[in-house]
Amino acid sequence: MFKKILVANRGEIACRVMRTAKRMGIATVAVYSDADARSPHVLMADESVRLGPAPAAESYLKAELILLAAKETGADCIHPGYGFLSERESFARACAEAGIAFVGPPPKAIAAMGDKIESKKLAKAAGVNVVPGFLGEIADTDEAVRIASDIGYPVMMKASAGGGGKGMRLAYSEQDVREGFEATKREGLASFGDDRVFIEKFIESPRHIEIQVLGDQHGNILYLNERECSIQRRHQKVVEEAPSPFVTPAMRKAMGEQAVALARAVGYYSAGTVELIVSGADTTGQGFYFLEMNTRLQVEHPVTEEITGLDLVEQMIRVAAGEPLSITQDQVGINGWSIENRVYAEDPYRGFLPSIGRLMRYNPPVAANGDHARIRVDDGVVEGGEVSMFYDPMVAKLITWAPTREAAIDAQIAALDAFEIEGPANNIDFLSALMQHPRFRDGAITTGFIAEEYPDGFHGAPADTDLKRTLAAIAAFAATAHADRARRVDGQLGRRLPPPSHWGVRIDGTDHVVEVSTDGLIVDGAALDLALEYTPGDRMVEAEIGDHHHLNVRIAPVRSGFRLTTRGASHIVRVLPAHVAPYTQHLIEKVPPDLSKFLIAPMPGLLVRLDVSAGDNVEAGQPLAVVEAMKMENILRAEKTGRVKSVSAVTGDSLAVDQVILELE
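The rules behind the values
For every chain, the first residue of its written sequence is number 1, and the numbers climb from 1 along that sequence. For this predicted model, a pLDDT threshold of at least 70 governs which residues receive local features, and a threshold of 80 or more governs which side-chain atom pairs are given and counted, while totals over whole chains, interfaces and linings are taken from all residues. Note that the side-chain values use all heavy atoms of the structure and ignore hydrogens as well as water. Per the convention used, a helix needs a DSSP run of H or I reaching at least four residues, while a strand needs a run of E reaching at least two, with both numbered from the N terminus. When we talk radius of gyration, it's over C-alpha atoms, and the globule rule is simply 2.2 Å times the number of residues to the 0.38. In this scheme, a residue with accessible area under 20% of its type's maximum is buried, one over 50% is exposed, and one in between is partly exposed, where area comes from a 1.4 Å probe on protein chains only. Only heavy atoms enter the contact rule, under which two residues are in contact if any of them lie within 4.5 Å. Residue burial considers only the protein chains on display, and all accessible areas are found by Shrake-Rupley using a 1.4 Å probe. Positive charges are assigned to Lys and Arg, negative charges to Asp and Glu, while His and the chain termini are left out of the count. Each charge is placed at NZ for Lys, CZ for Arg, CG for Asp and CD for Glu. Here a pair means two rings of Phe, Tyr or Trp (six-membered ring of Trp) with centres within 6.5 Å. Their orientation is stacked below 30 degrees between planes, edge-to-face above 60, and tilted elsewhere. When the NZ atom of lysine or the CZ atom of arginine is within 6 Å of a ring's centre and also within 35 degrees of its normal, the charge is said to sit over that ring. Note on definitions: salt bridges are taken to be side-chain nitrogens of Lys or Arg within 4 Å of carboxyl oxygens of Asp or Glu. Here a polar contact is recorded for every N or O atom pair within 3.5 Å, except that within protein the pair must consist of a potential hydrogen donor and a potential acceptor, and residues adjacent in sequence are included only if both atoms are side-chain atoms. Patch building starts from residues that exceed 30% relative accessible area and form no salt bridge, then joins like charges within 9 Å and nonpolar side chains (Val, Leu, Ile, Met, Phe, Trp, Tyr) within 5 Å. In this scheme, strands are said to pair when DSSP sees at least two bridges between them. As a rule, the C-alpha atoms of each element are fitted with a line to give its axis, helices using only the stretch in contact, and angles between N-to-C directions run from 0 to 180 degrees. We define a nonpolar core as any set of buried Ala, Val, Leu, Ile, Met, Phe, Trp, Tyr and Cys residues linked to one another through side-chain atoms lying within 4.5 Å. By the definition adopted for this analysis, an angle is roughly parallel if under 35 degrees, roughly antiparallel if over 145, roughly perpendicular if from 65 to 115, and oblique otherwise. When the near helix sits turned anticlockwise from the far one by under a right angle, the crossing is termed left-handed; a clockwise turn instead gives a right-handed crossing.

Caption draft 1: Spatial organisation of the overall build of the protein. For the protein, the count of helices and strands is 16 helices and 41 strands. The C-alpha atoms of the protein give a radius of gyration of 27 Å, which matches the 26 Å a tight globule of 665 residues would have. Summarising its shape, the C-alpha atoms of the protein cover approximately 80 × 65 × 55 Å along the three principal directions. Within the protein, the fraction of its 665 residues that count as buried is 55%. Sequence-distant contacts, at least 24 apart, represent 65% of the contacts inside the protein between residues at least 6 apart. A total of about 28,700 Å² of accessible surface is found on the protein, and carbon and sulfur atoms cover 51% of it. The protein carries 69 positive and 91 negative side-chain charges, and their two centres are separated by 3 Å.

Caption draft 2: Main features of the packing of aromatic side chains. Tallying each qualifying case throughout the model produces ten aromatic pairs. A ring pair is formed by Tyr 349 and Phe 458, whose centres lie 5.2 Å apart and whose planes are at 45 degrees; its orientation type is tilted. Of the two residues, Tyr 349 sits in the loop between strand S16 (346-347) and strand S17 (353-354) while Phe 458 sits in the loop between helix H15 (449-453) and helix H16 (465-487), which places them 109 residues apart along the sequence. Since its relative accessible area comes to 1%, Phe 458 is described here as buried. Geometrically, the ring pair formed by Phe 430 and Tyr 454 is edge-to-face, given 5.4 Å between the ring centres and 65 degrees between the ring planes. Placement of the pair is Phe 430 in helix H13 (residues 428-436) and Tyr 454 in the loop between H15 and H16, with a sequence separation of 24 residues. Of the residues examined, Phe 430 reaches a relative accessible area of 1% and is grouped as buried. The aromatic ring of Trp 401 is capped on one face by Arg 374, whose charged end is 4.0 Å from the ring centroid. When the ring centre of Phe 440 is taken as reference, the NZ or CZ atom of Arg 405 above it lies at 4.8 Å.

Caption draft 3: Expanded view of the pattern of salt bridges. For the structure shown, the criterion picks out 54 salt bridges. With a shortest N-O distance of 2.9 Å, Asp 311 and Arg 16 are connected by a salt bridge. A residue pair is termed long-range when its members are at least 10 positions apart, and Asp 311 in the loop between helix H10 (301-308) and helix H11 (312-320) and Arg 16 in helix H1 (residues 11-23) qualify at 295 residues. Among the residues examined, Arg 16 registers a relative accessible area of 5% and is labelled buried. When the shortest N-O distance is used, the salt bridge between Lys 645 and Glu 663 registers 3.9 Å.

Caption draft 4: Fine view of the side chain of His 41. Topologically, His 41 is positioned in helix H2 (residues 40-44). Given the relative accessible area of 1%, His 41 is considered buried. Here the side chain of His 41 touches Val 31 through a polar contact of 3.0 Å, landing on its backbone oxygen. Each residue touching His 41, except ones within four places of it in the same chain, is listed here: Asn 9, Arg 10, Gly 11, Ala 14, Cys 15, Met 18, Ala 30, Val 31, Tyr 32, Asp 36 and Tyr 60.

Caption draft 5: Layout of a nonpolar patch on the surface. A grouping of Ile 356, Met 389 and Phe 390 is seen on the molecular surface, where their side chains present a nonpolar patch of about 290 Å² in accessible area. You can see Ile 356 is positioned in the loop between S17 and strand S18 (357-358).

Caption draft 6: Looking closely at the sheet that holds strand S40 (residues 654-655). Spatial strand order, S38-S37-S35-S40: four strands in an open sheet with antiparallel pairing. Taken across any chain shown, the strands that pair with only one partner, and hence form the sheet edges, are strand S38 (632-637) and S40. This element, helix H8 (residues 174-192), spans strand S35 (605-610) and S38 of the sheet and lies at about 145 degrees to S38.

Caption draft 7: Geometry of unusual backbone geometry. The peptide bond linking Tyr 153 to Pro 154 adopts the cis configuration, its omega dihedral lying at 0 degrees. Along the polypeptide, Pro 154 turns up in the loop between helix H7 (141-151) and strand S7 (155-163). Along the chain, Ala 242 connects to Pro 243 via a cis peptide bond; the corresponding omega equals -5 degrees. Mapped onto the fold, Pro 243 is located in the loop between strand S12 (236-242) and helix H9 (249-265).

Caption draft 8: Quick peek at the sheet that holds strand S26 (residues 510-517). As summarised here, the arrangement of the nine strands in space is S28-S27-S26-S25-S33-S32-S31-S30-S29, forming an open sheet in which the pairing is antiparallel. Of all strands in the sheet, those bounded by a partner on one side alone are strand S28 (526-528) and strand S29 (530-531). In this structure, strand S25 (residues 502-507) lies alongside S26, joined through six bridges in antiparallel fashion. The residue bridging Gly 504 from the neighbouring strand is Val 513, located in S26. Contacting strand S30 (540-545), strand S31 (549-558) and strand S32 (561-566), helix H12 (residues 405-417) runs over the sheet at an angle of about 25 degrees to S31.

Caption draft 9: Spatial organisation of the nonpolar core. Formed by 38 residues in total, the largest nonpolar core has its most connected members in Ile 231, Tyr 362, Val 395, Leu 434 and Met 435. Of all the secondary-structure elements, those providing two or more residues to this core are S12, strand S15 (337-344), strand S21 (374-379), strand S23 (394-402), H12, H13 and H15. The leading source of residues in this core is H13, at six residues. Setting aside chain neighbours within four positions, we find Ile 231 in contact with Gln 236, Lys 237, Val 238, Val 239, Leu 434, Phe 440, Ile 445, Phe 449 and Ile 450. Ranked by size, the runner-up nonpolar core spans 33 residues in total, among them Phe 2, Cys 77, Leu 214 and Val 313.

Caption draft 10: Structural view of the packing of helix H3 (residues 63-73) against helix H4 (residues 89-97). Contact geometry for H3 and H4: axes closest at 11 Å, N-to-C directions at 30 degrees. Judged by the inter-axis angle, H3 sits roughly parallel to H4. Relative to H4, the crossing made by H3 is right-handed. Contacts from Ala 63, Ile 66 and Leu 67 in H3 reach Phe 91, Ala 94 and Cys 95 in H4.

Caption draft 11: Representation of H11 in the model. Within H11, eight of the nine residues are buried, which leaves the element mostly enclosed by the surrounding structure. Taken as a whole, H11 has its buried residues at Leu 312, Val 313, Glu 314, Gln 315, Met 316, Ile 317, Val 319 and Ala 320. Following H11 by one or two positions, Gly 322 has its phi on the positive side, about 95 degrees.

Laid out in structure tokens, this is it:
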């Protein structure tokens, strides 16, 4: 077995690998950029080596620096994690030439599967179902239009070396191809150094199912069941679960056997994932097609670990050390259900725009490992750390396990309610809304789920009447606590007077009357069976409703009330003494300014294209500019017809969020 492992990565996955390595008694080495000098993965490791400046191209993507760090520290193996160099054939080969074990598949397998065009040809030759499409090189946009028309719309344009949702465009028409083909090429070149694009048929009502494979260097290859990864936004996975609510045992066997056949055809060993697109409209279970093979550990690997009881990082290390697999296919079972939510630094209330900045507060839910439910948080951040513009915006992975799918979902909702993040915007409300959505709970999901269910963006999960009454009671109880503290301040008039007990509470436009007394809480004349504790300054209220229902509510004082956050939404609750509340109807509401005449940067990013100049006439919906953020290009369009009055930015500018790019007359 290895003595020392260098983890050629950062953040969550670096910490994840190190935890297993330490449990196995293997010493650990971290590498870091200047932006990560005090990051958790650096502090966790036994040794650490600086690579270079913050940009990945100058640090984590410098293979020669990583190999030098391994030699200087005496590391006898390197785990690449995911992303960065994990699927670079040249890096795996360089490790072998340096006499350092690469914890991953052989270079030839990485090369075979790394090119999406060539991998589809290999898959077809191995007897694996493939999606109809054009796998040759496409010269220009006109040829792309001809090919797309021959295949039949809708089609998907993909960068050949793409991954992680980057370099992909869905086209329903010739116009979509003309607008998106060149952008796809640019994204592929910027992110992967390869601008080749291929086009394939887009499967209607598609589900994204992937098969986890695991092989050793002795010819043994297993499939470890499937993962459902259909909940995606812009082709980026958001929610994953294992097993899939759609896959039958017969489908699982057919998919698994094809995945193993493909792995065997390229001499694969270590952990890998065969991704499939599955037609949700095909009830026969035959409509599944090969998408790609990821020759590395997947972000979503924990859900497979939770239902199989295997530590995939440990298995990868043992395989790299030459050990045979310790289990057979018949011993791979399915125990319960596991769900993973990816917590991102992004603002779902503003079109999921990336968010960066310091984590002023980071308090994940407490890990639990019970027989009826488990909570696991895989992260690589700490309170006071920073979400950087240089790397992926994922903050943490929240994983739950339970005997049933419904129980695993409920555990997610409760854990998300208890998750505290302040600083960068985050998607916790959105994830909770997904978990509560009836269609998700029914398992009737496709890769178009988010676009179909949130066509106008996300505005918070809807709250039913009972939840609103409960929140009104909590707000009134908290207001009573604040009033009681205020009257006890030394030297205040009315110190001996009791705090108000009757409150007028407005939540989501609805008014409630709440009475707080030693006997309990009364909302709109009806008693509410609610038990809770709150002291001014608390950030979380843990309420018990009835005998068995628990509710975690994040609470923060605001003007004339509180912001209460729970069950996928934040509610601004106004709380006033009951005799004062009726007079608020006479207050004049402030009208927000009209910003439609401005083109505003919706996120921090680089202005890579500006399509208009001062004096130009524009139509509503016309592309005006392109802003690149997190290596993704975002087209900014005119909200209304008008004439460009002035332009305040030029191509190449680094834009701040809400910075004005141009103004319309």
